[in-house]
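Secondary and tertiary structure notes
In case you want the letters, here they are:
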Amino acid sequence: MRRTLIIARRVVRQLLREHRLLGLSVIAPLAIVYLLKLFFDTMPATFSTARYAVPVAAFLVHFLSFLLCAIVLVQERTAGTLERMFINGFRRAEIIGGYLLGYLGLATLQAAVALTEVVLLFGLDYGVGTLAVLFVVVWLLAVASVMLGIFISTFARSEGQVFPFIPLVTVPSVFLSGLLLDTALLPTWADWLGRLLPLRYANTVIQEIIRPGGTIGEVWPNLAVLLGYIAVLWALASRTLSEVE
Amino acid sequence: MDAIKVSGLTKQYGDIQALQGVDLTVPKDAVYGLLGPNGAGKSTLIKALVGSLCPSGGDVSVLGLNPLRQRAALRERIGYMPQGLALYQDLSARENVQFFGAAHSVPDLAGRVEEALEFTDLRARADDPVRTFSGGMQRRVSLACAIVHQPDVLFLDEPTAAVDPGLRARFWSTFRRLAQKGTTLFVSTHLMDEALLCDEVAVLRQGQVITADAPARILERGQTHLLVRQDGRIEERVVGGHPEDLADALHVYGLSREIGAVEVRGDTLETVILGLIEEAKR
């Protein structure tokens, strides 16, 4: 645990000095949510913006968190610092855990900013309890996305090898997680494929909680699945991160 | 006990045989040089010794430990300076050294960080980001990261490549000071003249050790060119590299008045090693 915290502290220190990256992480969701508002304003009055507003914000957080983290370990590998970490005695699970902890702050910031903007911009009238649950689910999704990014990056030897994974993970999320259409309408295999994506579980909770009369009671296992998802990916990434050539 | 023992080490990458049965023994507290042209397999061999590469065959032991099976125990006792810089450019020199030092369970880490910075002459700019440093200074930070935990064996992969002659001399005097403090150094280089600065060297070519000996003994394998001016003409004779060979050759001439000048040109260590590499090609 001591070494995990040492890595996390170093990652945070580096992130705080990456002003451009930090700025982009906050400004990008803001700008995209605003464009979304412009797009929704063109829809007929019968169109339910609430059905899409928070889930799309969740998708943005998922996409950005995944993207930012997908290349971090690959950068460590190409710079030679990953090999140096191993030879200095850091272990695989400690490195993965350190990165996850280090990026928690950024994930929290993104979740808070995206959710606040979407609520204010679309004039969503949710109670404090609903907002709290929405924050928790978007935050958990962000953490799962960070972990998914780290996991994917363990398969790449260079930054270039990460890029094909980005549409492979994020595009199916749009179609198979219930963001645009009801997952009950999907063929069974596509439905199961969707269950591999963290956005599916986050979206299920969001749709239920924003539904008039909806409660967390029905859907809380999805939050547990997200937690399990993070733990399983941590364990998997700790195995797939290669230490020896 | 020897610090490093390698026998029959092989590494295959697809069709490429990077190491072809390497045998080496490195005594404790020595400065051991691994010489060879680019692509000879020097980095591959070092990676096998520090446990970041799985060999295809053979045995490796560092401080009596297997670098793969006993890597946790070994990594507390070795230091590694890779060929690339392998530093966090946006962190300061002190933060880099602290980070890599903190991986080890060493007492008084803060004191050791300051000691490593002092040793590599980095104290004045220890808090500046590494990206603002010259290439030579960054190499010194990399060295500080490798020695902060005071390892028993230090692996240095081409530490003086692309470094100016002044800094190169400083680096070697630093290596010598480390050896005096009881550290075994394993240094790879493609600069043949650096062999003279080592206690023992191994010359690697295409993944094979073509010779391993003390530099003075390797030098004896060279030739001495004896140029004698006599009666207005210059006669050149090639004799062996051993001092007795030269004495024998001079006997022929005696010290008669007809001899106008005698010039002796010995092969440099670089020439001898390059000759050995050429010989191995044939």
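Rules used throughout
Residues numbered from 1 in each chain as written. Chains lettered and ligands numbered in written order. Predicted model: local features only at pLDDT ≥ 70, side-chain atom pairs only at ≥ 80, totals over all residues. Helix = DSSP H or I, 4+ residues; strand = E, 2+ residues; numbered from the N terminus. Buried ≥ 20, exposed ≤ 12 C-beta atoms within 10 Å, placed from the backbone. Contact = placed C-beta atoms within 7 Å. Pairing = 2+ DSSP bridges. Axes fitted to C-alpha atoms, helices over the stretch in contact; angles between N-to-C directions. Right-handed = clockwise from strand over helix to strand, strands pointing away. Expected span 1.5 Å × (residues − 1). Domains from an automatic or database assignment. Nonpolar A, V, L, I, M, F, W, Y, C, P; charged D, E, K, R; others polar. Parallel < 35°, antiparallel > 145°, perpendicular 65-115°, else oblique. Left-handed = near helix turned anticlockwise from the far one by under 90°. Core = buried A, V, L, I, M, F, W, Y, C linked by C-beta atoms within 7 Å.

As a further point, take the overall build of chain B. The secondary structure content of chain B amounts to nine helices and twelve strands. Along the first, second and third principal axes, the C-alpha atoms of chain B reach 70 × 45 × 35 Å. Among the 282 residues that make up chain B, the fraction classed as buried is 42%. Across chain B, every contact between residues at least 6 apart in sequence was considered, and the portion connecting residues at least 24 apart equals 67%.

This part covers the sheet that holds strand 4 (residues 57-62) of chain B. All names here are of chain B. Strand order in the open sheet made by the three strands is 2-1-4, with antiparallel pairing throughout. Pairing within the sheet leaves two strands with one partner each, and these edge strands are strand 2 (16-26) and strand 4. On average, each strand axis in the sheet is tilted by 20 degrees relative to the strand beside it, whichever way the strands run. Two elements, strand 1 (residues 4-13) and strand 2, share eight bridges in a ladder whose sense is antiparallel. Residue pairing in the sheet places lysine 11 in a bridge with leucine 19 of strand 2.

Turning to unusual backbone geometry, a few remarks are in order. Residue and element names in this part refer to chain B. The residue glutamine 150 is not glycine, and still its phi comes out positive at about 50 degrees. Looking at where glutamine 150 falls in the secondary structure, it is placed in the loop between helix 5 (135-147) and strand 6 (153-157). Positive phi, normally seen in glycine, also occurs at glutamate 158, with a value near 45 degrees. Take glutamate 158: it is sitting in the loop between strand 6 and helix 6 (165-180). We classify glutamate 158 as buried; it has 21 C-beta atoms within 10 Å.

A separate point is the pairing of strand 7 (residues 184-189) of chain B. Residue and element names in this part refer to chain B. Of all six residues making up strand 7, six are buried, and the element is well covered by its neighbours. Judged by which residues are buried, strand 7 turns out to be covered on both faces: Thr184, Phe186 and Ser188 on one side and Leu185, Val187 and Thr189 on the other are all buried. By the bridge criterion, five bridges tie strand 3 (residues 31-35) to strand 7 in an arrangement that is parallel. Looking at the pairing, leucine 35 lines up with threonine 189 of strand 7. Bridging between strand 6 and strand 7 involves five bridges; their strand directions are parallel. Residue phenylalanine 155 lies in a different strand from strand 7, and its bridge partner there is phenylalanine 186. Viewed along the sheet, the connection from strand 6 through helix 6 into strand 7 turns out right-handed.

As a further point, take helix 5 of chain B. Residue and element names in this part refer to chain B. Counted at 1.5 Å a residue, the expected span for helix 5 with its 13 residues is 18 Å, and the 19 Å between its end C-alpha atoms agrees. The set of residues buried in helix 5 consists of Arg139, Arg140, Val141, Ser142, Leu143, Ala144, Cys145, Ala146 and Ile147. Along its buried surface, helix 5 packs onto strand 5 (78-81), helix 3 (93-102), helix 4 (109-119), strand 6 and helix 6.

Okay, the interface of chain A and chain B next. Residue-level contacts link 18 residues of chain A with 21 residues of chain B. Taken together, the elements giving at least two residues each to the side of chain A that touches chain B come down to helix 1 (2-17) and helix 5 (81-87) of chain A. Here the element with the most residues in the side of chain A that touches chain B is helix 1 of chain A; it accounts for six residues.

Residue and element names in this part refer to chain B. For chain B, the assigned domains are domain 1 (4-216) and domain 2 (219-281). Once you take the C-alpha centre of each, domain 1 and domain 2 turn out to be 37 Å apart. Contacts between the two partners involve twelve residues from domain 1, matched on the other side by nine residues from domain 2. Those elements giving two or more residues to the side of domain 1 that touches domain 2 turn out to be strand 8 (200-205), strand 9 (208-213) and helix 7 (215-219). Here the residues of the side of domain 1 that touches domain 2 sort into nine nonpolar, one polar and two charged.

Residue and element names in this part refer to chain B. Little of strand 12 (residues 259-266) is tucked away: zero of the eight residues are buried. The pairing of strand 10 (residues 223-230) with strand 12 spans seven bridges and is classified as antiparallel. When the sheet's bridge partners are listed, glutamine 230 is paired in strand 12 with isoleucine 259.

Time to look at the sheet that holds strand 9 of chain B. Residues and elements named next belong to chain B. Read across the open sheet, the six strands follow the order 5-6-7-3-8-9; overall the sheet is mixed. Looking at the sheet topology across the chains shown, the edges are occupied by strand 5 and strand 9. In this sheet, adjacent strand axes meet at a mean angle of 15 degrees when their direction is disregarded. Relative to strand 9, strand 8 runs antiparallel, the two being bridged by five bridges. Directly across from valine 201, in strand 9, lies its bridge partner aspartate 213. Against the sheet, helix 9 (residues 269-281) touches strand 3, strand 8 and strand 9, its axis set at about 35 degrees to strand 8.

Residues and elements named next belong to chain A. In contact at an axis separation of 7 Å, helix 3 (residues 49-70) and helix 7 (residues 128-153) are set at 30 degrees when each is read in the N-to-C sense. Relative to helix 7, helix 3 is oriented roughly parallel. Here helix 3 runs over helix 7; the crossing is right-handed. The segment helix 3 lies against helix 7, with Val54, Ala58, Val61, His62, Ser65, Phe66, Leu67, Leu68, Cys69 and Ala70 engaging Leu134, Val138, Leu141, Ala142, Ser145, Val146, Leu148, Gly149, Ile150, Ile152 and Ser153. Tallied by class, residues from the contact of helix 3 with helix 7 come to 16 nonpolar, five polar and no charged.

Another aspect to go through is the nonpolar core. Ranked by size, the top nonpolar core spans 147 residues in total, and within it A:Ala57, A:Val138, A:Leu141 and A:Ile150 carry the most contacts. A per-element tally of this core places helix 7 of chain A first, with 16 residues. Residue contributions to this core reach at least three from each of two domains, namely domain 1 (4-216) and domain 2 (219-281) of chain B. Once residues within four sequence positions are removed from consideration, A:Ile150 is found in contact with A:Cys69, A:Val72, A:Leu73, A:Ile96, A:Tyr99, A:Leu100 and A:Ala237.

Right, let's talk about the environment of A:Leu227 for a bit. Relative to the helices and strands, A:Leu227 resides in helix 12 (residues 216-240). For A:Leu227 and A:Leu140, which are 87 residues apart along the polypeptide, the C-alpha to C-alpha distance reads 7.3 Å.

Residue and element names in this part refer to chain A. It is at 10 Å that the axes of helix 7 and helix 11 (residues 198-210) come closest, and there the two elements cross at 175 degrees. With respect to helix 11, the element helix 7 is oriented roughly antiparallel. Touching Thr130, Val133, Leu134, Val137, Val138, Leu141, Ala144, Ser145 and Leu148 of helix 7 are Pro198, Leu199, Ala202, Val205, Ile206, Ile209 and Ile210, all from helix 11.

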